[in-house]
Amino acid sequence: MASQQVMSRLRWNHFRCLEPRSFADAARNLQMKFLNGRFGALIEHVTAADLQSPELGQMLRRTWLQAGLLVIRGLDLSPDDFASISRHFGVLGPVPAGREHAKLGPGGCILRIGNVRDQTGKLISQPSSTKENVLLDGSSQYRPAERLPVWHTDGTFKETPEAGTALYCRQAPEEGGATCFADAASAWEGLAFDQQRHLLKLDCICSLAHHDAKLRKRNPDYPMLTEEERKRNPPRRVPLSLQHPETGRRAIYGINSSTCFVVEKGQEVEPEKLERHELSGEEDDSVSILQELLVHVTAPKYTVSWCPW
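Procedures and definitions
Starting afresh in each chain, residues are numbered from 1 along the sequence in its written order. Given that this is a predicted model, residues contribute local features only at a pLDDT of at least 70 and side-chain atom pairs are listed and counted only at 80 or more, while totals for whole chains, interfaces and linings are drawn from all residues. Hydrogen atoms and water are omitted, and side-chain values are computed over all heavy atoms in the structure. UniProt positions are given in the numbering used here, feature names are shortened, and annotations may be inferred rather than shown by experiment. Whether two strands pair depends on DSSP finding at least two bridges between them. Under the DSSP-based scheme used, a helix requires at least four consecutive residues in state H or I and a strand at least two consecutive residues in state E, with every element numbered from the N terminus. Axes here refer to lines fitted to C-alpha atoms; in helices the fit is confined to the stretch in contact. Angles between the N-to-C directions go from 0 to 180 degrees. Contact definition: two residues touch when any of their heavy atoms are within 4.5 Å. Burial status follows relative accessibility: with a 1.4 Å probe on protein chains alone, a residue under 20% of its type maximum counts as buried, one over 50% as exposed, and anything between as partly exposed. The reported arc concerns the directions from the helix axis to the C-beta atoms and nothing else. Side-chain rings of Phe, Tyr and Trp (the six-membered ring for Trp) are treated as a pair once their centres are within 6.5 Å; stacked means planes under 30 degrees apart, edge-to-face means over 60, and tilted covers the remaining angles.

In the annotation of an unreviewed UniProt entry, the entry for the chain reads Alpha-ketoglutarate-dependent taurine dioxygenase, and the organism field reads Cladocopium goreaui. In the Sequence similarities (unreviewed entry) part of its UniProt record, the chain is described as follows: "Belongs to the TfdA dioxygenase family."

Pasting the structure below:
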C-alpha cells in the first residue's frame, strides 16, 4: 500500500553504460538494511548493470517477498533498463485505460507520473491525486477528517491486479516528494481476531471510472475515461483481505480510490446505483470502514516514508 505526497517529475535524459560485474562480485559489494523493523529493505552499492543479472534478480525478489518493500539507491536507468529490472519480480502488466498519453518504455509498459508537458503544453504524464502538501509534521498517518494522505493499494480495479509496483524517480521537487508505504500484512496481524473474522466476510467493489471521477474533483488535470473505455473496464469485486500466494501471509486489501462500495460476500449492488457512484465519484457510506482501517494500517509502526533526496 502506498501514498505519494507530491508526485515526482519523470524525465528520461542521457544514461551511462556500465559493464556488469559477476554475480559473486555484485552480491559481495551489496549492502542491505531494514527500514522499519523487518518492513522495507534499503539496497545500496549495486549498479544498473548488476541488476541485469538473473541471479541477483532472484535474490532481490526473495528479499522483496520477505521485506515487502525494496528501495535501491543510486541508479541511472533508461526506460528499457527499468522494464528489464522490473521483470525480475514478475510479468509486467498493462498501464490502466485512459493513460495512453503517459505511456513510455518497451510496449508502453511504463506510466510516467508527474507534471511533464510537451512543447505544446499538452500533459504527457499522469498527474498527482492532489496538489496539496499532505504530510502533517512529517506524519503519513491517515487523517479521516481531511481524507489525507491519499493511501491506496495499486490496481484493485484491474481484472488482474499487480503483485507489486516499481517506481523510479528521475527528478524530485526541492521539497516534498515523499512516497509512503504501509505494511498491510503486519497491520492485518495487528487486528483483533473478531475484527479479522468480520473483515473476512467483506468484498470491495472497485471501479476505474469511479477512481478517475473522484480524483478529478481534487485535480482538474486528472484524466477521465471515455464511455468506451468505461465499458471495457467494468467494476471489479475483490476481497477486503487477501492471502499472498507465495508467503501465505494475509493482508488488508481493497483500499483504493476506486473503491465505491464495501459489501458482504454474495451481496449484489443495484446496477443503477453502481453506475451513479461510478460517474459521480461519490462513495457509498459503506466505504467508511476503510477510512477507519486506514488509521490503523498507516500507524508509524507499519509505515516507511521515503524521500528521493
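Structure shown, so let's carry the discussion forward.
Caption draft 1: The sheet that holds strand 12 (residues 259–264), seen in detail. Pairing in this open sheet of 3 strands is antiparallel, and the strands run 9-8-12 from one edge to the other. Single-partner strands in this sheet number two, and they are strand 9 (236–239) and strand 12. Neighbour-to-neighbour, the strand axes of the sheet open up by a mean angle of 30 degrees, direction not taken into account. Here strand 8 (residues 202–206) pairs with strand 9 via 4 bridges, running antiparallel. Across the sheet, I205 pairs through a bridge with R237, a residue of strand 9. Along the sheet face, helix 8 (residues 271–280) touches strand 8 and strand 12 and points at about 145 degrees away from the line of strand 12.

Caption draft 2: Looking closely at helix 8. Taken as a whole, helix 8 has its buried residues at L274, H277 and E278. What you see down the axis of helix 8 is that its buried residues fit within an arc of 105 degrees, all on one side. The exposed residues of helix 8 that point more than 90 degrees off its buried face are E272 and L279. On its buried face, helix 8 is in contact with strand 8, helix 6 (208–218), helix 7 (227–232) and strand 12.

Caption draft 3: The arrangement of the packing of aromatic side chains in detail. Tallied over the full model, the rule gives 2 aromatic pairs. Considering the side-chain rings of W64 and F89, the 5.5 Å spacing of their centres and the 90 degrees angle between planes classify their relative orientation as edge-to-face. With W64 in helix 2 (residues 54–67) and F89 in the loop between helix 3 (79–86) and strand 5 (103–104), this residue pair connects regions lying 25 residues apart in the sequence. By relative accessible area, which is 21% here, F89 ends up partly exposed. Taken together, a centroid distance of 5.7 Å and an interplanar angle of 45 degrees make the contact between F82 and Y168 tilted. Of the two residues, F82 sits in helix 3 while Y168 sits in the loop between strand 6 (110–111) and strand 7 (179–182), which places them 86 residues apart along the sequence.

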